[in-house]
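The lines below spell out each chain.
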Amino acid sequence: MARNAKQEISSSAARQIQARAHQHGLELDYATTISESAYLSPVIASFFSGLLARQRSPWLVIVIRFKDDPPILAVKTGPHGPKVDLLAHHRRLFTKAGTGTMNMVDYFLDNSHGKIDVSDSEVVGVYTIPFKRADYIGNVGPQPAKINRSGVLDAGRAAAAAHKIDLTAYSGVVVCGYTPLDLCGWVGGMAALCDLNSLSPDLLGQEMGHGYGSDHSGLDGSTAEYGDPWDTMSTWSPFSASNSDYSRIGPGLNAVNMRLRGWLNEDRVLVVPRTDTVTRDVVLGPLHDHGLSAAALDIAGFLVEFRMNDRWDAGIPRPCVLVHRVQGNRSYLMSGKGGENDLVAGSVFERLSLLGTSVTVTVNSIDEKARRATLRVEQTVHRIHIPQEAVQEWPPRIGDPGPLERLSADPRISRLRERFERYATALEVADHFGTPDLALRSLAEIAEEIGRQTARVEVTTFHEGYSFHDGFAPGPDHVREPNQDHEHDHQDHVHHERDQQQ
Ligand SMILES: [Zn+2]
């Protein structure tokens, strides 16, 4: 019973510590080879494919103008010909009308591993809102008779509702100025503002991405916003690519930002268990590629990804391997030993730790033709040890393990030691993932175990005639007084016991 209970406690605690790491990804078994894991991947991927259901997420794009803005001229092709669709470009950019042209539909499908489908988005307008341009005060709090960013959002929504559009049919709203407007997004609010000068996927990927909850990405060692030029959540990025249709596109979303939104296909993430010492080669395909190649490596709290310089990433300087960590809702780009952020063949990323997991990732090669990066991955796990062999008795007595070893063999001590070791691991994991509750839970386990053990320690006494269990009540009459004849008392006691047995 006690043994079962102990096992239950241990395994549930282990689950808590590794919950983030494992998700439902493909766990790398030290014994398996690359070809074996490549064989396993489609099997596991198909098993979990039902979990990766596509999510319909249409946006309503409301194009607005201020009432004193220059009038929009409706150009006709001829006396009876159709009007030119003023918003044709908007429709190609935001809706299924432009699918396949690197528009927003393509952006969200590719950068969510097929999960977010905005193809049913619609564009409406141009609506005139009941404010003058001079009323617009931008990014400040509300003021009487003025209109700030939130005010424009509300005015756009109101204009659409006045045109009998059911806003509840859409997941989000983009209010797009036909004349200049701020560019911004509401984190988690499924709303964004833009104008004709910001109708490009590099910027809208970020602003609409804010809507789903994404925050700006950072560079490790800095608290500055927009620190990761390889990521949509840091645009304007020098690494966005020029595009003939939409001005500029990309770069794509990094793996951490994908995971934070639940968009990373975890079936395609190789997970190195935190508790294993591992040396092996790993092959990654490009992060945003469709298909079954491994899209990221999860090791020691870092996500490692491979990016080719094409499609969304056409503007990055070279094919590269990127390493990120996460803290809260923000990704941070790490750098290699040589200070470079984009790792190429020969680059080494290293994080050494005295208490927990040390990791070295070496880029063995990048094969541009085969679109894959081969990495050598080395992980070493250190643990805190409560000394088992502190001071040996000398000379050792044969057959006697000695007091310290007797103590360490005590299951109560080993249970405590286990919990301290898990706490040390949890501290590291909590640091990398920005989840302090992990370490706190682990600490609570230690307290719980100490509480459990001390509750079992019975207070005993050899003072005859008194018992703590009886609330210090006096015992039988024959209590031995100091200096009383010991022999007599002993005999009397034996007789008494016999009486009780009969
Ligand atoms: Zn932003």
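Conventions and cut-offs
Residues numbered from 1 in each chain as written. Predicted model: local features only at pLDDT ≥ 70, side-chain atom pairs only at ≥ 80, totals over all residues. Helix = DSSP H or I, 4+ residues; strand = E, 2+ residues; numbered from the N terminus. Buried ≥ 20, exposed ≤ 12 C-beta atoms within 10 Å, placed from the backbone. Contact = placed C-beta atoms within 7 Å. Pairing = 2+ DSSP bridges. Axes fitted to C-alpha atoms, helices over the stretch in contact; angles between N-to-C directions. Expected span 1.5 Å × (residues − 1). Core = buried A, V, L, I, M, F, W, Y, C linked by C-beta atoms within 7 Å. Domains from an automatic or database assignment. pLDDT = per-residue confidence, 0-100.

## Considering the overall build of the protein chain
Line of reasoning, step 1. Assigned secondary structure in the protein chain consists of 11 helices and 22 strands.
Line of reasoning, step 2. For the protein chain, buried positions account for 36% of its 502 residues.
Line of reasoning, step 3. Residue pairs at least 24 apart in sequence account for 60% of intrachain contacts in the protein chain once pairs closer than 6 positions are excluded.

## Here's the deal with the sheet that holds strand 8 (residues 172–177)
Line of reasoning, step 1. Across the sheet, 5 strands lie side by side as 5-3-8-10-9; this open sheet has mixed pairing. Taken across any chain shown, the strands that pair with only one partner, and hence form the sheet edges, are strand 5 (122–129) and strand 9 (184–186). With strand direction ignored, the average angle separating the axes of adjacent strands in the sheet is 20°.
Line of reasoning, step 2. As judged from the 7 bridges shared by strand 3 (residues 59–66) and strand 5, these two strands associate in the parallel manner. Of the residues in strand 5, the one forming a bridge with Val-63 is Gly-125.
Line of reasoning, step 3. Packed onto the sheet, helix 5 (residues 149–162) meets strand 3, strand 5, strand 8, strand 9 and strand 10 (191–195) and runs at close to 105° relative to strand 3.

## Notes on the sheet that holds strand 15 (residues 278–284)
Line of reasoning, step 1. Read across the open sheet, the 4 strands follow the order 15-22-21-20; overall the sheet is antiparallel. On the outer flanks of this sheet lie strand 15 and strand 20 (348–351), each paired with one strand and no other. Recorded for the sheet is a direction-independent mean angle of 15° between the axes of neighbouring strands.
Line of reasoning, step 2. Looking at chain direction, strand 15 and strand 22 (residues 372–381) are connected through 7 bridges and run antiparallel. Paired with Val-283 across the two strands is Thr-374, which belongs to strand 22.

## Quick notes on the environment of Gly-285
Line of reasoning, step 1. Considering the arrangement of structural elements, one finds Gly-285 in the loop between strand 15 and strand 16 (296–299).
Line of reasoning, step 2. Residues Gly-285 and Glu-305, 20 residues apart in the sequence, show an inter-C-alpha distance of 8.2 Å.
Line of reasoning, step 3. Not counting chain neighbours up to four residues away, the residues in contact with Gly-285 comprise Gly-291, Ser-293, Ala-294, Ala-295, Phe-306, Arg-371 and Arg-372.

## Quick word on helix 5
Line of reasoning, step 1. Given a rise of 1.5 Å per residue, 14 residues ought to cover 20 Å, and the 20 Å separating the end C-alpha atoms of helix 5 matches this to within 8%.
Line of reasoning, step 2. Its buried side turned inward, helix 5 meets strand 3, strand 5, strand 6 (136–138), strand 7 (147–148), strand 8 and strand 10.
Line of reasoning, step 3. One or two residues past the end of helix 5 sits Lys-164, with phi positive at roughly 60°.

## Here we look at the pairing of strand 17 (residues 302–307)
Line of reasoning, step 1. Buried residues dominate strand 17, accounting for 6 of its 6 residues.
Line of reasoning, step 2. The alternating pattern of strand 17 places Phe-302, Val-304 and Phe-306 on one face and Leu-303, Glu-305 and Arg-307 on the opposite face, and all of these are buried.
Line of reasoning, step 3. Note that strand 16 and strand 17 share 3 bridges and pair antiparallel. Bridged to Ile-299 within strand 17 is Phe-302.
Line of reasoning, step 4. Of the pairings in the sheet, the one linking strand 17 to strand 18 (residues 320–327) comprises 5 bridges and is antiparallel in character. Looking at strand 18, one finds that Glu-305 is bridged to Leu-322.

## Topic: helix 6 (residues 201–211)
Line of reasoning, step 1. Helix 6 sits mainly inside the fold: 11 of its 11 residues count as buried.
Line of reasoning, step 2. Those residues of helix 6 not exposed but buried are Pro-201, Asp-202, Leu-203, Leu-204, Gly-205, Gln-206, Glu-207, Met-208, Gly-209, His-210 and Gly-211.
Line of reasoning, step 3. Lining the buried residues of helix 6 we find strand 3, helix 4 (104–111), strand 8, strand 9, strand 10 and strand 13 (247–249).
Line of reasoning, step 4. Positive backbone phi, at 115°, marks Gly-213, one or two positions downstream of helix 6.

## Notes on unusual backbone geometry
Line of reasoning, step 1. The amide bond that connects Gly-125 to the next residue, Val-126, takes the cis arrangement and shows omega of 10°.
Line of reasoning, step 2. Each neighbour pair has its own omega, and for Thr-235 with Trp-236 the value is 0°, a cis peptide bond.
Line of reasoning, step 3. For Trp-236, the location among the structural elements is in the loop between strand 11 (218–219) and strand 12 (241–243).
Line of reasoning, step 4. If you check the backbone angles, Met-102 has positive phi at about 65° while not being a glycine.
Line of reasoning, step 5. By the secondary structure assignment, Met-102 is in the loop between helix 3 (88–94) and helix 4.

## Structural notes on the environment of Asn-111
Line of reasoning, step 1. Inspection of the secondary structure assignment puts Asn-111 in helix 4.
Line of reasoning, step 2. By C-beta crowding, Asn-111 is classed as buried, having 27 other C-beta atoms within 10 Å.
Line of reasoning, step 3. Sequence separation between Asn-111 and Gly-205 is 94 residues, and the spatial gap between their C-alpha atoms is 9.4 Å.
Line of reasoning, step 4. Apart from residues no more than four positions distant in its own chain, Asn-111 is found in contact with Thr-232, Gly-252, Leu-253, Met-258, Trp-263, His-288 and Trp-312.

## Overview of the nonpolar core
Nonpolar side chains in soluble globular proteins generally cluster together in the buried interior.
Line of reasoning, step 1. Formed by 88 residues in total, the largest nonpolar core has its most connected members in Ile-62, Val-304 and Leu-375.
Line of reasoning, step 2. Shared between two domains, this core takes at least three residues from each, and those domains are domain 2 (25–50 + 262–381) and domain 3 (55–213).
Line of reasoning, step 3. Beyond its immediate chain neighbours, meaning those up to four positions away, Ile-62 contacts Val-124, Gly-125, Tyr-127, Gly-156, Ala-159, Ala-160, Val-173, Val-175 and Cys-176.

## Observations concerning the environment of Arg-65
Line of reasoning, step 1. Looking at the secondary structure, you find Arg-65 in strand 3.
Line of reasoning, step 2. By C-beta crowding, Arg-65 is classed as partly exposed, having 19 other C-beta atoms within 10 Å.
Line of reasoning, step 3. Not counting the four nearest positions on each side in its chain, Arg-65 is found in contact with Ile-72, Val-126, Thr-128, Tyr-178 and Thr-179.

## Topic: the pairing of strand 20
Line of reasoning, step 1. Relative to strand 21 (residues 357–367), strand 20 runs antiparallel, the two being bridged by 4 bridges. Bridge pairing links Arg-351 to Val-359 in strand 21.
Line of reasoning, step 2. Adjacent in sequence and paired antiparallel, strand 20 and strand 21 are bridged by 5 residues.

## Things to note about the confidence of the model for the protein chain
Line of reasoning, step 1. The share of residues in the protein chain with pLDDT of 70 or more is 71%, and the mean pLDDT across the chain is 79.
Line of reasoning, step 2. In this model residues 1–51 is a low-confidence stretch, pLDDT under 50, and it forms 54 contacts with partners more than four residues away in sequence or in other chains.
Line of reasoning, step 3. Residue range residues 457–502 is modelled with pLDDT below 50. Its contacts to residues more than four positions away, or to other chains, number 16 contacts.

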